[in-house]
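Per-entry structural report
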Amino acid sequence: IDVAAEVKRTDKQLIDKRKQLQVVQSKLSNSGFMDRAPADVIQQHRDQESDLQNQIAVLEDTLKGLQEG
């Protein structure tokens, strides 16, 4: 495989996932959203937050492995 291309692709995915996580976390920290949103929507956001954190951890491990060779 082309390691440099794979590092670049993985890094791009990591940046995207971190942006998505930031959006979800900002909603969850917004008291207005938390007060008005239905419980199922809040739970979906919490699940999404957890899923994104797991994806980020996997991507970070992958990136570290690629960079170490």
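Attention in this report is confined to the structure presented alongside it.

Here is what the cut-offs are and how they apply
Residues numbered from 1 in each chain as written. Predicted model: local features only at pLDDT ≥ 70, side-chain atom pairs only at ≥ 80, totals over all residues. Heavy atoms only, no water. Helix = DSSP H or I, 4+ residues; strand = E, 2+ residues; numbered from the N terminus. Expected span 1.5 Å × (residues − 1). Buried < 20%, exposed > 50% of the residue type's maximum accessible area, 1.4 Å probe, protein only. Contact = heavy atoms within 4.5 Å. Polar contact = N/O pair within 3.5 Å; in protein donor to acceptor, adjacent residues only side chain to side chain.

Turning to helix 3 (residues 39–68), a few remarks are in order. Here helix 3 contains 30 residues, and its C-alpha end-to-end distance of 44 Å stays within 8% of the 44 Å for a straight helix at 1.5 Å per residue. Buried residues of helix 3: Ile42, His45, Glu49, Leu52, Ile56, Leu59, Leu63 and Leu66, and no others. Contacts made by the buried residues of helix 3 are with helix 1 (3–28) and helix 2 (31–36). Two residues or fewer after helix 3 comes Gly69, characterised by a positive phi angle close to 85°.

Across its 26 residues, helix 1 extends 37 Å between first and last C-alpha, which sits within 8% of the 38 Å expected from 1.5 Å per residue. Among the residues making up helix 1, those that are buried are Val7, Thr10, Leu14, Lys17, Leu21, Val24 and Leu28. Where helix 1 is buried, its residues meet helix 2 and helix 3. Two to three positions downstream of the cap, the backbone nitrogen of Ala4 sits 3.3 Å from a side-chain oxygen, assigning the N-cap of helix 1 to Asp2.

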